[in-house]
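Residue-level listing of the chains:
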Amino acid sequence: MTSSSRATGIGRHFEKGKKSLPGAGGGGCPAGGNDFQWCFSQVKGAIDEDVAEADIISTVEFNYSGDLLATGDKGGRVVIFQREQENKSRPHSRGEYNVYSTFQSHEPEFDYLKSLEIEEKINKIRWLPQQNAAHFLLSTNDKTIKLWKISERDKRAEGYNLKDEDGRLRDPFRITALRVPILKPMDLMVEASPRRIFANAHTYHINSISVNSDHETYLSADDLRINLWHLEITDRSFNIVDIKPANMEELTEVITAAEFHPHQCNVFVYSSSKGTIRLCDMRSSALCDRHSKFFEEPEDPSSRSFFSEIISSISDVKFSHSGRYMMSRDYLSVKVWDLNMESRPLETHQVHEYLRSKLCSLYENDCIFDKFECCWNGSDSAIMTGSYNNFFRMFDRDTRRDVTLEASRESSKPRASLKPRKVCTGGKRKKDEISVDSLDFNKKILHTAWHPADSVIAVAATNNLYIFQDKIN
Amino acid sequence: MLSKGLKRKREEEEEKESLAVDALWLDPGHAAVAQAPPTAASSSLFDLSVIKLHHSLQQSEPDLRHLVLVVNTLRRIQASMAPAAALPPVPSPPAAPSMADNLLASSDAALSASMASLLEDLSHIEGLSQAPQPLADEGPPGRSIGGVAPSLGALDLLGPATGCLLDDGLEGLFEDIDTSMYDNELWAPASEGLKPGPEDGPGKEEAPELDEAELDYLMDVLVGTQALERPPGPGR
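Notes on the structure in this doc start here. (Residues numbered from 1 in each chain as written. Chains lettered and ligands numbered in written order. Predicted model: local features only at pLDDT ≥ 70, side-chain atom pairs only at ≥ 80, totals over all residues. Heavy atoms only, no water.)

1. A word on the overall build of chain A
Turning to step 1, where the next piece is worked out: Counting its regular elements, chain A contains two helices and 32 strands.
Turning to step 2, where the next piece is worked out: The principal-axis extent of the C-alpha atoms belonging to chain A is close to 90 × 65 × 40 Å.
Turning to step 3, where the next piece is worked out: The burial tally for chain A puts 56% of its 473 residues in the buried class.
Turning to step 4, where the next piece is worked out: Taking contacts inside chain A between residues at least 6 apart in sequence as the whole, the part at least 24 apart equals 56%.
Turning to step 5, where the next piece is worked out: When the accessible surface of chain A is totalled, it reaches about 20800 Å², and 48% of it is carbon and sulfur. (Helix = DSSP H or I, 4+ residues; strand = E, 2+ residues; numbered from the N terminus. Buried < 20%, exposed > 50% of the residue type's maximum accessible area, 1.4 Å probe, protein only. Contact = heavy atoms within 4.5 Å. Areas by Shrake-Rupley, 256 points an atom, 1.4 Å probe, with all protein chains shown as cover.)

2. Description of the state of the cysteines
Turning to step 1, where the next piece is worked out: According to the stated counting rule, one finds zero disulfides over all chains in the structure shown.
Turning to step 2, where the next piece is worked out: Here C265 of chain A is not cross-linked by a disulfide; its sulfur's nearest cysteine counterpart is in C288 of chain A, at 13 Å. (Disulfide = S-S within 2.5 Å.)

3. Side note on the packing of aromatic side chains
Residues and elements named next belong to chain A.
Turning to step 1, where the next piece is worked out: Counted according to the given criterion, the structure contains 18 aromatic pairs over all chains.
Turning to step 2, where the next piece is worked out: Between F103 and W148, the ring centres sit 4.4 Å apart and the planes meet at 40°, which makes this aromatic pair tilted. Of the two residues, F103 sits in strand β5 (residues 97–104) while W148 sits in strand β10 (residues 145–158), which places them 45 residues apart along the sequence.
Turning to step 3, where the next piece is worked out: With relative accessibility at 2%, the residue F103 sits in the buried group.
Turning to step 4, where the next piece is worked out: Using a relative accessible area of 0% as the deciding quantity, one classes W148 as buried.
Turning to step 5, where the next piece is worked out: Between F392 and F468, the aromatic rings sit 5.6 Å apart at their centres with planes inclined by 25°, giving stacked as the arrangement. One end of the pair, F392, is in strand β26 (residues 391–396); the other, F468, is in strand β32 (residues 464–470), with 76 residues separating them in the sequence. Pair check on accessibility: F392 and F468 agree, each one buried.
Turning to step 6, where the next piece is worked out: Of the aromatic side chains, those joined through ring pairs into one cluster are F40, F392, Y466 and F468.
Turning to step 7, where the next piece is worked out: When the ring centre of Y325 is taken as origin, the NZ or CZ atom of R397, which lies over that ring, is 4.8 Å away. (Phe/Tyr/Trp six-rings, centres within 6.5 Å; stacked < 30°, edge-to-face > 60°. Lys NZ or Arg CZ within 6 Å of the ring centre and 35° of its normal.)

4. So, the sheet that holds strand β27 (residues 402–406) of chain A
Residues and elements named next belong to chain A.
Turning to step 1, where the next piece is worked out: Reading across from one edge, β24-β25-β26-β27 is the order of the four strands in this open sheet, with antiparallel pairing throughout. Every interior strand has two partners, whereas the edge strands, β24 (374–376) and β27, have only one. Taking the axes of each pair of neighbouring strands and ignoring which way they run, one obtains an average angle of 20° across the sheet.
Turning to step 2, where the next piece is worked out: Inspection of the sheet shows β26 paired to β27 by five bridges, in the antiparallel sense. Residue F395 lies in a different strand from β27, and its bridge partner there is D402. (Pairing = 2+ DSSP bridges. Axes fitted to C-alpha atoms, helices over the stretch in contact; angles between N-to-C directions.)

Below, the structure is given as structure tokens:
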């Protein structure tokens, strides 16, 4: 994956989006509270029409400070971008992200016992909170989780006694004087090394990893089981959830996502393919098969169809930063839940309701099984999720406004404001609207991330990573 | 329009019909909402779902979520097509790939038999990767030998790695296949015509007589796997 920051140049500023009639697909007003104006900042990745499968981005994650942004791809590579320090002489470069480290995290493997290829695709990356100069992250493919240490080296020791500058060992008998090695500066080198490999604990495909707030343990979830690990111990993990039925014939539900509570180290949630979320407390028992709380919205009988279950399948679940709420993403909507209310969500935001009448086609081409992720902004006042045609949606929880934006090369002029997009559902198509039938379902935005504090977002569009910033701030 | 996937003309027409039907009975004001939709659309959805199910199972490692969702959808469609018919228990072998012929009655039995055996074999996959257990442990209690035939259909779909091809009772079913390659000589490293097949691994693992040379070879393979999993050196 090549990095290609756009050079600063003459910026073109679009007018704020024209006000349009409210309807499906979002209004014309910018969202994100306080009149955010999202602008293009950077795009990373090749511009070719022919996208190599290996370059498709499969996960995006900011670290705790937001200074580092990691992406994983189908080829098993991890690319980490670092935010440049703000430079007074170049105010417009306002914290650009440039490549910091690239490494091959996972390789394709062959399981000889089952005669199966194990994909090297990185399913998830999760950062550990920073405790010293080095950075640590967990990356996982379908079967194996790895702890990577990313460290900088900008000094080199010179003047060893037992070896000369080429590294050849010196004969100790020839040494007549001793010297103290001196540290000399060198060009910055960023090294990534695997510190732990957590393998052989998952029979099914790992879909989630989540670092605990105790900073010592983490969980990994596959389709049927969730395991608890200690970061220091690789040869053992504890199984804390197991929904595998005694007879596989009775299998009707799988685990789709899991996450630890941001503050309560004994609490985690996991979502299912039937649209349910279970909150578990590890203090209650060693095996958390019985939930403490059960979140499910009763099905609306008027919208029942053959596809009801598939579209209710939750593809992502995320706690708010405050820990008071959580958000779930199913095929057509994002729901915000209050942890104290299990009966129904606090808010439901429609992502692309216009697809409801197209479910049959989407079932046929398998798009109905796409797994979209969602994320909170730093203050939990806004949420974001992706859609098709390289569209992504933002919902402002305070102002109740939402907007549809597009990650495309066309709107990639430096610091150009993103124009709100609108999907026309029927009748006369207005200028600048796009009709449902013209949407490109191969351009999916499945992975998005929001900076933990600032108004910076990263959006993965197939093999490209777009970074957008807020003009005001 | 919606890209991805090959479309035959016949399916396109059926899809348009399905879309129209979708819109019809998704209308909350429509009286037919609570009732089953017309059979034509259901049957095309049924066919589509069966194709998806087979396709999913033909993967060497099926996506469990996709599989479960398709199966559940198939059950829903089936239930709406024959709401009064209770699914019969698993007695007879399935009509496997040619499901399009019998939509209702026989496909009920066929489907549940197939599904039962297919999901059963997924558990067999897991059984093989764990500490050695006899295959019989994974099966549901009271599963008769007659049930072996449906398993076999599933084994075909799931691929060679999932089955223990040398199990008693199955050999007769391979009369038309040249089984010489599955003989014990396979494990001697010097044997000719040996497919570089890790696929033969699970089959051999279950065979009762493994002499020392074969065990050594197996250990080498396993150790080789372990070596692959060792972390790469620094500086990658």
